[in-house]
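Remarks on the overall topology
Residue-level listing of the chains:
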Amino acid sequence: MIVFSPLPRHAVCIFYLVLRALDTIEDDMTISLDVKVPMLHEFHSYLYQPEWKYMESKEKDRQVLEDFPTISMEFRKLSKVYQDVISDICHKMGVGMAEFLEKKVDSQHEWDKYCHYVAGLVGIGLSRLFSASELEDPIVGQDTELANSMGLFLQKTNIIRDYLEDQLEGREFWPREVWSRYAKKLSDLAKPENIDMAVQCLNELITNALHHVPDVLTYLSRLKNQSVFNFCAIPQVMAIATLAACYNNKQVFRGVVKIRKGQAVTLMMDATNIQAVKAIMYQYVEEIYQKIPSTDPSSNKTQQVIASIRTMSLPGGPMASRHHYSPIYLSCAMLLAALSWQYLSTISKATEEYVQAGEN
């Protein structure tokens, strides 16, 4: 009988480093496409090649490629069940990255597909690791639709919030199918004379992202392990707070919209059980509901999705009290959650940068 560690920390860390290495190759603009595409397709096989490394990268994170034999050696020390998960996700992500190197995000379906490759697969891989460790029930790793929604909700939030920053750096990841109804060019939304149409486009995309919240709540309700719950829940409550701040907000097209640090700390401290997370979700969708303009083209759809979230989030009783953990435990839980959020943001930006470069 295989004995698993209490938490697959080592597997999660190796998973991160492997994807970081894959992303570094994808992001390196000095590698020609005829070299890069086969590398992305075959990268998962390098995990089983003890001597493989790449010394030609010019990227700031090139150390993960230069020292890849160390990473792959640690990977091969993992239990086979962990190796299989990491290798499979690495393969699928590499194929997806290659697909979008010279491809724009046109339809909402392609938006979902892109977000699946860069974030949904991370959620699926982590979920399979949680189940493989026996910390969570098999259904957590088997239900890939819910795990995918966990990643899509975070990724879409990042893309929506980062409109102006992406525009300034020449990246475009709002789906053409949506923004083309409001402007001739995506960059036109940043013009002061187009602000009303820009906000309507913003609200439609936020409404799209909110459709993932019921899946997020269902996923979180299945988790049993406290460390896993914190790791998964904290980025999700950060995302709903970010969307609430962005909704109907002209500032998205003028600067950076961020939640306050104190607000972030409160969210991290409170999101320790499913009833608390439901209460947080309810609070922020109510905030959005109060801001829905009667003239907004998406107002009915926004109200409908909020109604479905309300149904799942209505407090059925007193909110479960916050557990009293040691400061060290809380610090570790927050660090893990912050790394999860940071990774999704980082890998998203790195992917976006090269896709745009490929288009040019």
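Along each chain, the written sequence defines residue order, and numbers are assigned to residues from 1. Two thresholds apply to this predicted model, a pLDDT of at least 70 for residue-level local features and 80 or more for giving and counting side-chain atom pairs, whereas whole-chain, interface and lining totals are computed over all residues. As a convention, hydrogens and water are excluded, and side-chain values are obtained from all of the structure's heavy atoms.

Under the annotation held in an unreviewed UniProt entry, the protein carries the name Squalene synthase and is attributed to Buteo japonicus. UniProt lists a comment for the protein under the heading Sequence similarities (unreviewed entry), and it reads "Belongs to the phytoene/squalene synthase family." UniProt positions are given in the numbering used here, feature names are shortened, and annotations may be inferred rather than shown by experiment. Note on the protein: under the UniProt heading Pathway (unreviewed entry), the record states "Terpene metabolism; lanosterol biosynthesis; lanosterol from farnesyl diphosphate: step 1/3."

Moving on to the overall build of the protein. The secondary structure listing takes helices from DSSP runs of H or I that are at least 4 residues long and strands from runs of E that are at least 2 residues long, numbered from the N terminus. In terms of helices and strands, the protein carries 17 helices and zero strands. Partitioning the intrachain contacts of the protein with sequence separation of at least 6 by distance along the chain shows that 77% fall at a separation of at least 24. The accessible surface values rely on the Shrake-Rupley method and a 1.4 Å probe; as for residues, cover is taken only from the protein chains in view. Taken as a whole, the protein presents about 15800 Å² of accessible surface, with 55% of it coming from carbon and sulfur. For this analysis, residues touch if any pair of their heavy atoms sits within 4.5 Å.

It is the contact of helix α5 (residues 80-99) with helix α6 (residues 108-132), at a shortest axis distance of 10 Å, that shows an interaxial angle of 180°. Comparing the axis directions of α5 and α6 gives the class roughly antiparallel. Residues Val-81, Tyr-82, Asp-84, Val-85, Asp-88, Ile-89, Lys-92, Met-93, Gly-96 and Glu-99 of α5 touch α6, and the partners they reach there are Lys-113, Tyr-117, Val-118, Leu-121, Val-122, Ile-124, Gly-125, Arg-128, Leu-129 and Ala-132. Of the residues contributing to the contact of α5 with α6, the split by class is twelve nonpolar, two polar and six charged. To obtain an axis, a line is fitted to C-alpha atoms, over the contacting stretch when the element is a helix, and the angle between two such axes runs from 0 to 180 degrees between their N-to-C directions. Should an angle fall under 35 degrees it is called roughly parallel, over 145 degrees roughly antiparallel, and 65 to 115 degrees roughly perpendicular, with every other angle called oblique. Residues are grouped as follows: Ala, Val, Leu, Ile, Met, Phe, Trp, Tyr, Cys and Pro are nonpolar; Asp, Glu, Lys and Arg are charged; every other residue, Gly included, is polar.

Bringing helix α14 (residues 261-270) into the picture now. Within the span of α14, buried status applies to Gln-263, Ala-264, Leu-267 and Met-268. Down the axis of α14, the smallest arc covering the buried residues is 135°, so these residues share one side. For every residue, the accessible area obtained with a 1.4 Å probe (protein chains only) is divided by the maximum for its type, and the residue is called buried under 20%, exposed over 50%, and partly exposed between those limits. The reported arc concerns the directions from the helix axis to the C-beta atoms and nothing else.

With that settled, the discussion passes to the packing of helix α8 (residues 144-161) against helix α11 (residues 195-210). Contact pair α8 / α11: the axes reach a minimum separation of 9 Å and the direction vectors enclose 170°. By the angle between their axes, α8 is roughly antiparallel relative to α11. Along its contact with α8, which presents Phe-153, Lys-156 and Ile-160, the element α11 presents Leu-202, Leu-205, Ile-206, Asn-208 and Ala-209. Looking at the contact of α8 with α11 residue by residue, the classes come out as six nonpolar, one polar and one charged.

The subject of this paragraph is unusual backbone geometry. At Glu-134, a position not held by glycine, the phi torsion is positive, near 70°. Tracing the backbone through its elements, the reader meets Glu-134 in the loop between α6 and α7 (138-142).

Only the six-membered ring of Trp is used, alongside the rings of Phe and Tyr, when aromatic pairs are assigned; centres must lie within 6.5 Å, and planes under 30 degrees apart are stacked while those over 60 apart are edge-to-face, with the rest tilted. Summed over the entire model, instances satisfying the criterion amount to 13 aromatic pairs. Between Phe-100 and Tyr-114 the ring centres are 5.5 Å apart and the planes differ by 65°, which places this aromatic pair in the edge-to-face class. Separated by 14 residues along the polypeptide, Phe-100 in the loop between α5 and α6 and Tyr-114 in helix α6 bring together distant segments of the chain. The exposure classification of Phe-100 matches that of Tyr-114, with both residues buried. Charge-over-ring contacts are defined here by two conditions on Lys NZ or Arg CZ: a distance within 6 Å of the ring centre and an angle within 35 degrees of the ring normal. Here the basic side chain of Arg-310 rests over the ring of Tyr-289, its NZ or CZ set 4.3 Å away from the ring centre.

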